[in-house]
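# Understanding the architecture of this molecule
Listed below are the residues making up each chain.
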Amino acid sequence: ASEAQLRAILDTVPDAMVTINENGIVQSFSAAAQQLFGYSPDEVIGKNVAMLMDEPDAQHHDEYLKRYLATGHRHIIGNMRCVNGRRKDGTLFPHELYIGEAISRDSRVFTGFLRDLTKRREAEAKFQELQ
Ligand code: HEM
């Protein structure tokens, strides 16, 4: 895809979308991801994706990637997971994370799609209260 096509996808994809390389370094950060995390792309691109999560995952994320690259055993790829994200202001929010993998001639990128669950969790709690 051309640069312009990629830009169009990143500007319009409804879920927050983050792509990383094999080393966990952020390559792109969508408009919805900016809204969700409060970071501009400049603040995230070129940095480790671990800045978007909480401990203990942040500390171990490089190992998770290395383990996957070494063994090919998938844990999150292809499966939805509920995890916490960490915003620029430090607050945590639950989200669903889907990870895909795209392998081209000479490189591999991982695509992450994140959906904020805050509203759904709040509605659930309200519903429980009313029972
Ligand atoms: C693996 C957490 C974001 C790519 C993992 C694992 C955890 C985790 C716990 C290991 C799973 C296991 O061994 O059971 C998180 C959290 C995130 C996050 C809390 C919150 C922001 C991302 C994003 C991407 C990504 C945005 C890609 C763009 C990967 C890959 C693996 C992995 C490629 C290894 C493959 C696999 O285990 O299937 N992550 N992650 N992660 N994560 Fe993340």
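Refer to the structure above for everything that follows.
To start, this report covers the structure provided alongside it. (Residues numbered from 1 in each chain as written. Predicted model: local features only at pLDDT ≥ 70, side-chain atom pairs only at ≥ 80, totals over all residues. Heavy atoms only, no water.)

Another aspect to go through is the coordination of the iron atom of the ligand. Looking at the protein side alone, the iron atom of the ligand has one donor only, His61 (NE2), at 2.1 Å. Residue position: His61 is located in helix 4 (residues 57–71). (Donors = N, O, S within 2.8 Å, 3.2 Å for Na, K, Ca; no water. Helix = DSSP H or I, 4+ residues; strand = E, 2+ residues; numbered from the N terminus.)

Glancing now at the nonpolar core. Judged by nonpolar contacts, the single largest core of 25 residues is most densely connected at Val18, Ile20, Phe29, Phe37, Tyr39, Leu52 and Leu114. When residues of this core are traced back to their parent elements, those giving at least two are strand 1 (16–20), strand 2 (26–29), helix 2 (31–37), helix 4, strand 4 (92–103) and strand 5 (108–116). Setting aside anything within four residues of it in sequence, one finds Tyr39 in contact with Phe29, Gln34, Val44, Met51, Leu52, Arg87 and Lys88. (Core = buried A, V, L, I, M, F, W, Y, C linked by side-chain atoms within 4.5 Å. Buried < 20%, exposed > 50% of the residue type's maximum accessible area, 1.4 Å probe, protein only. Contact = heavy atoms within 4.5 Å.)

On to the environment of Ser30, then. Tracing the backbone through its elements, the reader meets Ser30 in the loop between strand 2 and helix 2. Taking relative accessible area as the criterion, Ser30 reaches 0% and is therefore assigned buried. C-alpha separation for the pair Ser30 and Thr91, spaced 61 residues apart in sequence, amounts to 20 Å. When residues no more than four places from it in sequence are discounted, the contact partners of Ser30 are Leu10, Val13, Asp15, Ala16 and Met17. At 2.9 Å, the side chain of Ser30 and the backbone nitrogen of Met17 are in polar contact. (Polar contact = N/O pair within 3.5 Å; in protein donor to acceptor, adjacent residues only side chain to side chain.)

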